[in-house]
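Each chain, letter by letter, is given below.
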Amino acid sequence: MSAATTAGPTWEGLRKEARQLENEIDLKLVGFSKLGTGLSANVKSDSDNAPLLGPDHVFESMALEIESLLEKLSNLNDQMAEFSSAQTPSAALLHTLQRHREILQDYKQEFRKTQANFTARREREDLLKSVRKDIDNFKTSSGLNRRMDFYLKENDHIRNSDRLLDDQISIAVETRDNLVAQRVNFKRLQTRFNDLSNRFPLINSLLQRVNLRKRRDSLILGLVIGGCMVLLLLYAFRDTKLTASSDTESTDVGLK
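All values derive from a computational prediction rather than experimental measurement. In every chain, residue numbers begin from 1 and rise along the written sequence. Under the rules for a predicted model, residues below a pLDDT of 70 receive no local features and side-chain atom pairs below 80 are neither given nor counted, while totals for whole chains, interfaces and linings still include all residues. Heavy atoms throughout the structure, all of them, feed into the side-chain values; hydrogens and water do not.

**Q** Which residues make up the packing of aromatic side chains, and what values do they have?
**A** Two aromatic rings, drawn from Phe, Tyr or Trp (for Trp, its six-membered ring), form a pair once their centres lie within 6.5 Å of each other, and the interplanar angle then sorts them: stacked below 30 degrees, edge-to-face above 60, tilted otherwise. For the coordinates displayed, the defined rule picks out three aromatic pairs. Seen from their ring centres, Phe-32 and Phe-59 are 4.4 Å apart, and the 20° between their planes marks the pair as stacked. Of this pair, Phe-32 sits in helix 2 (residues 9–43) while Phe-59 is found in helix 3 (residues 55–85), placing the two residues 27 residues apart along the sequence. With a centroid separation of 4.0 Å and 25° between ring planes, the pair formed by Phe-59 and Phe-118 is classed as stacked. Here Phe-118 lies in helix 4 (residues 91–142) and Phe-59 lies in helix 3, a separation of 59 residues in the sequence. Per residue, the accessibility class of Phe-59 equals that of Phe-118, and both read buried. Put simply, DSSP marks the helices as runs of H or I at least four residues long and the strands as runs of E at least two long, and each gets a number from the N terminus on. Type-normalised accessible area, obtained with a 1.4 Å probe on protein chains alone, sets the label of each residue: buried when under 20%, exposed when over 50%, and partly exposed for intermediate values.

**Q** Break down the side chain of Asn-77 for me, citing the residues and quoting the values.
**A** Of note, Asn-77 is situated in helix 3. Sequence-distant contacts of Asn-77, that is, excluding residues within four places in its chain, are made with Leu-97, His-100, Arg-101 and Leu-104. Here a residue-residue contact requires only that any non-hydrogen atoms of the pair lie within 4.5 Å.

**Q** Which residues make up the environment of Lys-28, and what values do they have?
**A** Structurally, Lys-28 is set in helix 2. Residues Lys-28 and Ala-63 lie 35 residues apart in sequence; the distance between their C-alpha atoms is 9.2 Å. Not counting residues up to four positions away in its chain, the partners in contact with Lys-28 are Met-62, Glu-65, Ile-66 and Leu-69.

**Q** Tell me what's going on with the nonpolar core, and back it up with residues and numbers.
**A** As used here, the term nonpolar core means buried Ala, Val, Leu, Ile, Met, Phe, Trp, Tyr and Cys residues forming a set that is joined through side-chain atoms within 4.5 Å. In this structure, Ile-25, Phe-32, Ile-66, Leu-70, Leu-73, Tyr-107 and Phe-111 are the most contacted members of the largest nonpolar core, which totals 27 residues. Broken down by element, the residue count for this core peaks at 11 residues, all from helix 3. Contact partners of Leu-73, with chain neighbours within four places excluded, come to Ala-18, Leu-21, Glu-22, Ile-25, Leu-104 and Tyr-107.

**Q** Go over the pattern of salt bridges, please, and point to the residues and values.
**A** For this analysis, a salt bridge means a side-chain nitrogen from Lys or Arg found within 4 Å of a carboxyl oxygen belonging to Asp or Glu. Applying the stated criterion to the full structure yields 10 salt bridges. We note a salt bridge from Asp-166 to Arg-124, for which the minimum N-O separation is 2.9 Å. Pair noted here: Asp-166 is in helix 5 (residues 146–199) and Arg-124 is in helix 4, with a separation of 42 residues, a long-range link. The exposure class assigned to Asp-166 is buried, which follows from its relative accessible area of 7%. You can call Arg-124 partly exposed: its relative accessible area is 24%. Residues Arg-132 and Asp-162 are paired through a salt bridge, measuring 3.9 Å at the closest nitrogen-oxygen approach. Placement of Arg-132 in helix 4 and of Asp-162 in helix 5 is noted, with a sequence separation of 30 residues between them. Owing to a relative accessible area of 16%, Arg-132 belongs among the buried residues under this scheme. On the basis of relative accessibility, which here comes to 5%, the residue Asp-162 falls in the buried class. In the salt-bridge network here, residues are joined through shared partners; they are Arg-124, Arg-132, Asp-162 and Asp-166.

Take a look at the structure:
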């Protein structure tokens, strides 16, 4: 806590800039993932009618932009680490620095995964495109016949399977994006709760005192109730004993 107080606006400025970069990278990654999944439908169109700046160019430019933002966030984390090493060690400061590093690592993994998925999908689409091209060449050279009809039917089956796979991949990617967004939100909430608890330690101590007082009052109340029960039992036992002795004395007097 003392390190954060000594840091003043410098530490808060670094944290604020890091959070802004994290929010910007989060939005870019969501759009990057959606762009990667949407390219499969654009690849099926005719390449002659495609614009000069196609989806691949947009995807690559966005990838370069995200890489630049990740590099900036990594440099910010290094600056925060250098700042923390120059101050008095603090659990809150080290925890905050660790959280920013974990968020950066998650963003890097998500970015690499999206790139890998896009590369694999593009290779598969290029393979299917070459197969279609071979079939078209065979059709123009050999003419229409039964074997060509069979190949065309197989090609239609492949296209239908490809379309179904693309739909399933899109659904899975959207689900993953939602889960990633929820995970990032939960991490942010946890970070904010930790910041509040570290920033206001008096609240924690007050809650602990209230809990201790409740336990003490419960213990005292239990002891009082237990003592009353013991006194009631002793009184009842004594009353029974006196009644029995009086009955015995009356019986002896009657016999005499």
